[in-house]
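Next come the chains, spelled out residue by residue.
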Amino acid sequence: MSTAQRPQVIAIEEHYFDPELSSHFEGYEAQPKMGTRLLDIEDERIRLMDEAGVDVQVLSHAAPGTHRMDGAKAVPLAQRANDRLREIIDRNPSRFAGFATLPASDPAAAADELERAVTKLGMKGAMVHGLTQGLFIDDRRFWPIFERAQALDVPIYIHPSRPHPAVIEAYYKDYVKEFPSITNAGWGFGVETGTQALRLVLSRVFETYPKLKIICGHLGEGLPFLLWRIDMTMSRSGNSPLYFRDVFRNNFWLTTSGAFSHAALLCTVMEMGVDRILFAIDYPYCENSPGTEWMKDVPLSTEDRIKILNGNAKTLLRL
Ligand code: MN
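Residues numbered from 1 in each chain as written. Predicted model: local features only at pLDDT ≥ 70, side-chain atom pairs only at ≥ 80, totals over all residues. Heavy atoms only, no water.

A.B. asks: I would appreciate a short explanation of the overall build of the protein chain in the present structure.
C.D. replies: Along its length, the protein chain carries 15 helices and 9 strands. Against the 2.2 N^0.38 benchmark of 20 Å for 319 residues, the protein chain shows a C-alpha radius of gyration of 19 Å, consistent with a compact globule. Principal axes of the C-alpha set define a box for the protein chain whose edges measure 55 × 50 × 45 Å. Sorting the 319 residues of the protein chain into buried and exposed places 55% on the buried side. Within the protein chain, contacts between residues at least 6 apart in sequence are counted, and of these 79% link residues at least 24 apart. Entry remark: accessible area of the protein chain is about 13,900 Å², with carbon and sulfur atoms responsible for 54%. (Helix = DSSP H or I, 4+ residues; strand = E, 2+ residues; numbered from the N terminus. Rg over C-alpha atoms; globule rule 2.2 N^0.38 Å. Buried < 20%, exposed > 50% of the residue type's maximum accessible area, 1.4 Å probe, protein only. Contact = heavy atoms within 4.5 Å. Areas by Shrake-Rupley, 256 points an atom, 1.4 Å probe, with all protein chains shown as cover.)

Laid out in structure tokens, this is it:
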């Protein structure tokens, strides 16, 4: 499909496996079924992009990255993975861009690696996955990462990972056997990642770094639907003054990854404005075509559709 007949399509939550980093993953995250497609960064990947009309993938390592490793292990692994991601992009520079992997368990080193990845390797920001050694990313010890992201003017993408084991035990275990997706993309991912985003606002990190840019996938992990109610109840007496909705609308950008619903998209547009929404598939966990086909008849103007498909990504990521 030629771009002359359709808008350019930039998809920004598209995952891959670095062979060395992913060799440390265990259990379902080692992904025997998805592993081949995650490790493939040229042949079938590009063929499937062409088939579905995805022009550019902004690549990010699949979860959990280095977030469960200590700093001594995570730092060199993340550096090598980022170096190799640069090589992947260099082989197909018109088809790929990248988000860096960060060794967040050593926040000072992670801030330095973010800077190196952006200034030396050309990465467009970074992705973090779930809890870092059991801690939410709003914890003050991680703020050096946000300070550097603001200084570099690049976004940090908050991505799901397996929920805390105590949460799985308390909330999900009765249904895990029959419905294993309850812990991950079916529910658990969204609850935990929505909590990450909510906690970031409550932490007041955006008062310290007002130009910090955060991306969330899956049309905001449910937060656009809940935004009015969160804002209303957080404003009740007994709560510290905080303009939750204003902060969320000012510092967050949301993507369509794995959430190809017109109803959910329209809710997100109505809360966030169309300039804050970027196209993503979540390949290979979602196929490309359902995403590109879905966008063809979204009930939005052509101008707005093009913003979502490419314009907002070009602006936010300076592509
Ligand atoms: Mn994803």
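And the narrative resumes.
A.B. asks: What's the story with the sheet that holds strand S8 (residues 252-255) in this structure? I'm lost.
C.D. replies: Backbone-to-backbone hydrogen bonds join strands into a sheet, with any given pair of strands oriented parallel or antiparallel. Strand order in the open sheet formed by 6 strands is S4-S5-S6-S7-S8-S9, with parallel pairing between adjacent strands. Looking at which strands have only one partner, the edges of the open sheet turn out to be strand S4 (100-101) and strand S9 (277-278). For S8 and S9, the ladder comprises 2 bridges, and the chain directions are parallel. By the bridge assignment for S9, Leu-254 is matched with Ile-277. (Pairing = 2+ DSSP bridges.)

A.B. asks: Explain the pairing of strand S2 (residues 56-61) here, please?
C.D. replies: Consecutive residues of a regular strand have side chains that alternate between opposite faces of the sheet. In terms of burial, S2 is a largely internal element, 6 of the 6 residues being buried. Both faces of S2 are covered, namely the face carrying Val-56, Val-58 and Ser-60 and the face carrying Gln-57, Leu-59 and His-61. Relative to S2, strand S1 (residues 10-16) is paired through 5 bridges, and the arrangement is parallel. Paired with Tyr-16 across the two strands is His-61, which belongs to S2. Pairing of S2 with strand S3 (residues 96-98), which is carried by 3 bridges, proceeds in the parallel orientation. If you follow Gln-57 over to S3, its bridge partner there is Phe-96. With respect to chirality, the unit in which S2 leads through helix H4 (residues 71-91) into the neighbouring parallel S3 is right-handed. (Right-handed = clockwise from strand over helix to strand, strands pointing away.)

A.B. asks: What am I meant to see in the coordination of the manganese ion here?
C.D. replies: Tetrahedral coordination by four donors sets the ideal angle at the metal to 109.5 degrees; octahedral coordination by six donors sets it to 90 or 180 degrees. For the manganese ion, every protein donor is listed as Glu-13 (OE), His-15 (NE2), His-159 (NE2) and Asp-282 (OD), and the spread of their distances is 2.0 to 2.2 Å. All donor residues of the manganese ion come from one chain, and their arrangement in sequence is E-x1-H-x143-H-x122-D. Linking Glu-13 in strand S1 with Asp-282 in the loop between S9 and helix H14 (288-296), this pair joins segments that are 269 residues apart in sequence. Side by side, Glu-13 and Asp-282 carry an identical accessibility label, which is buried. (Donors = N, O, S within 2.8 Å, 3.2 Å for Na, K, Ca; no water.)

A.B. asks: Got a minute to help me understand the nonpolar core in this structure?
C.D. replies: Side chains of a nonpolar character, in soluble globular proteins, are inclined to be buried together. Membership of the largest hydrophobic core comes to 70 residues, with the highest contact counts inside it found for Phe-146, Ile-156, Ile-214 and Phe-252. Sorting elements by how many residues they give to this core places helix H6 (residues 143-152) first, with 5 residues. Contacts of Phe-146, omitting those with residues within four sequence positions, involve Ile-137, Ile-156, Leu-200, Val-205, Tyr-209, Leu-212 and Ile-214. If you look at the next biggest cluster of nonpolar residues, it comprises 15 residues, including Ile-12, Val-56, Val-58 and Phe-99. (Core = buried A, V, L, I, M, F, W, Y, C linked by side-chain atoms within 4.5 Å.)

A.B. asks: What is the right way to read the sheet that holds S2 from this model?
C.D. replies: Here 3 strands make up an open sheet; going across it, the order is S1-S2-S3 and the pairing parallel. Both outer strands of the open sheet, S1 and S3, are each paired with one neighbouring strand and no more. On average, adjacent strands in this sheet sit at an angle of 35 degrees to one another, irrespective of strand direction. Here H4 sits on the sheet and contacts S1, S2 and S3; the angle it forms with S3, its principal contact strand, is near 160 degrees. Strands in contact with helix H15 (residues 302-317) are S1 and S2; relative to S1, the strand with the most contacts, it is inclined by about 70 degrees. (Axes fitted to C-alpha atoms, helices over the stretch in contact; angles between N-to-C directions.)

A.B. asks: So what exactly am I meant to see when it comes to the environment of Val-201 here?
C.D. replies: Within the secondary structure, Val-201 is located in helix H8 (residues 188-202). Of the residues examined, Val-201 reaches a relative accessible area of 1% and is grouped as buried. Residues Val-201 and Asn-184, spaced 17 residues apart in sequence, show a C-alpha to C-alpha distance of 23 Å. In this view, Val-201 contacts Phe-206, Leu-242, Phe-244, Val-247 and Phe-252; residues no more than four positions away in its chain are not counted.

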